[in-house]
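Here's the letter readout for the chains.
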Amino acid sequence: MYPVIRMTWQMWKTRKSPKLPFDGTHISTHYCLPWDLDIFWELNNGRTLTLYDLGRIPLGHRTGLIDALRRRGWGLTVAGSSPRYRRRIRAFEKITMKSRGIGWDDRFFYVEQTMWKTNGDCAGHVLIRSAATGPNGIVPPTEVVAEMGLDPISPPLPDWVTAWVAADAKRPWPPMQE
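Note that the coordinates shown come from a computational prediction; the quantities given were computed from them, not determined experimentally. (Residues numbered from 1 in each chain as written. Predicted model: local features only at pLDDT ≥ 70, side-chain atom pairs only at ≥ 80, totals over all residues. Heavy atoms only, no water.)

1. Re the pairing of strand S1 (residues 25-31)
Of the two faces of S1, the one holding His26, Ser28 and His30 is buried and the one holding Thr25, Ile27, Thr29 and Tyr31 is not buried anywhere. Pairing of S1 with strand S3 (residues 94-104), which is carried by seven bridges, proceeds in the antiparallel orientation. Paired with serine 28 across the two strands is methionine 97, which belongs to S3. (Buried < 20%, exposed > 50% of the residue type's maximum accessible area, 1.4 Å probe, protein only. Helix = DSSP H or I, 4+ residues; strand = E, 2+ residues; numbered from the N terminus. Pairing = 2+ DSSP bridges.)

Written out as structure tokens, the structure is:
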């Protein structure tokens, strides 16, 4: 089940937070709750991706993205992700999440998110590719950032992001069937 109450709480907490630039970092804290656990009593890998929403959506609010989407009647979808899981997060453990926009290309926005344990270890990292959507499909990011009042030129994407984009473009779609 989607963590609607937790998302509502995160949005309420950030309602008066200062605005952020597109590449500003939104920092939030979360706890690993019993319903987030897998059979090994640690944060489930799929639930981890859902919990990243709890940082990404408030980031979108603070940067003005959510307001721009609402004004135009656009949606937002995750179009790809590349997670890294490095440290276990156990039941009731507190984590700090850091979320920031990286940039965009002709179709997608790229967001980087991390989860940090209280001892300072990075537990996980994800690169998210997302797209604004409208009645005719994907809305070009330059149109979205114009609606946000931002410069249409993206900050330069880091090499590791462009390498991931290039590698993912070589992946066959639709997948091969036997």
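2. Remarks on unusual backbone geometry
Residue tryptophan 173 is joined to proline 174 through a cis peptide bond whose omega torsion reads 0°. Relative to the helices and strands, proline 174 is located in the segment after helix H5 (159-169). Residue tryptophan 41 is not a glycine yet carries a positive backbone phi of 65°. Mapping tryptophan 41 onto the fold places it in the loop between S1 and helix H2 (45-63). Since its relative accessible area comes to 59%, tryptophan 41 is described here as exposed. You will see that phenylalanine 92, though not glycine, has its phi angle at about 70°, which is positive. Along the chain, phenylalanine 92 falls in the loop between strand S2 (75-85) and S3. Phenylalanine 92 sits in the exposed class, given a relative accessible area of 56%.

3. Details of the environment of isoleucine 66
Structurally, isoleucine 66 is set in helix H3 (residues 65-72). Of the residues examined, isoleucine 66 reaches a relative accessible area of 13% and is grouped as buried. The spacing of isoleucine 66 and lysine 98 is 32 residues in sequence and 18 Å in space, taken between C-alpha atoms.

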